[in-house]
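Understanding the architecture of this molecule
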Amino acid sequence: MKKRVVTLPVWNDTTPEIEDLLIGHETAHAIETPVEYIDAGNEMPAGFRGFLNVVEDARIERLMRDRYPGLRRSFSKGYAQFMERDFFELKGKDINKMLLIDRINV
């Protein structure tokens, strides 16, 4: 984050929507996530970092969708495609038994 280098995963089966979602998400971190946030998060216990990360992801994605309205459809379709592929490995799991942070993230 200090150098603001965006690193993207390389997958063979991405769709244009998933690519836009990933690029939008990681670019949002580079633009919107302050370095001080990362430093503060590293000093927190792991459980708190998880909450901080989920809230930060939601915050930056909202800012990115507001700044670039064309990403709204890509984010919506990309996350729908992730769910169709069971990317988050939720099939067969009782969401009510998951940790609170995981339920919020879903």
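For the structure itself, consult the block above.
Summarised in this report is the structure supplied together with it. (Residues numbered from 1 in each chain as written. Predicted model: local features only at pLDDT ≥ 70, side-chain atom pairs only at ≥ 80, totals over all residues. Heavy atoms only, no water.)

Here we come to a nonpolar patch on the surface. Where nonpolar side chains cluster on the molecular surface, the patch consists of Trp 11, Met 83, Phe 87 and Phe 88 and spans about 370 Å² of accessible area. Take Phe 87: it is sitting in the loop between helix H4 (71-84) and helix H5 (100-105). Overall, Phe 87 belongs to the partly exposed group, its relative accessible area being 39%. (Patch = residues over 30% accessible without salt bridge, like charges linked within 9 Å, V, L, I, M, F, W, Y side chains within 5 Å. Areas by Shrake-Rupley, 256 points an atom, 1.4 Å probe, with all protein chains shown as cover. Salt bridge = Lys/Arg side-chain N within 4 Å of Asp/Glu carboxyl O. Helix = DSSP H or I, 4+ residues; strand = E, 2+ residues; numbered from the N terminus. Buried < 20%, exposed > 50% of the residue type's maximum accessible area, 1.4 Å probe, protein only.)

In this section: the pattern of salt bridges. Under the definition given, this model contains five salt bridges. In this structure, Arg 85 engages Asp 13 in a salt bridge whose closest nitrogen and oxygen atoms are separated by 3.6 Å. A residue pair is termed long-range when its members are at least 10 positions apart, and Arg 85 in the loop between H4 and H5 and Asp 13 in the segment before helix H1 (16-32) qualify at 72 residues. Given the relative accessible area of 49%, Asp 13 is considered partly exposed. Its salt-bridge partner being Glu 32, residue Arg 67 comes within 2.8 Å of it at the nearest N-O pair. Of this pair, Arg 67 sits in helix H3 (residues 46-67) while Glu 32 sits in helix H1, placing them 35 residues apart in sequence.

To continue, consider unusual backbone geometry. With a phi close to 55°, Asp 86 is a non-glycine residue in the positive phi region. Taking the relative accessible area as the measure of exposure, Asp 86 reaches 23% and is therefore partly exposed. Positive phi is not limited to glycine here, since Glu 89 has a value of about 55°. Along the chain, the position of Glu 89 falls in the loop between H4 and H5.

By themselves, these are just geometric observations and shouldn't be taken as functional.
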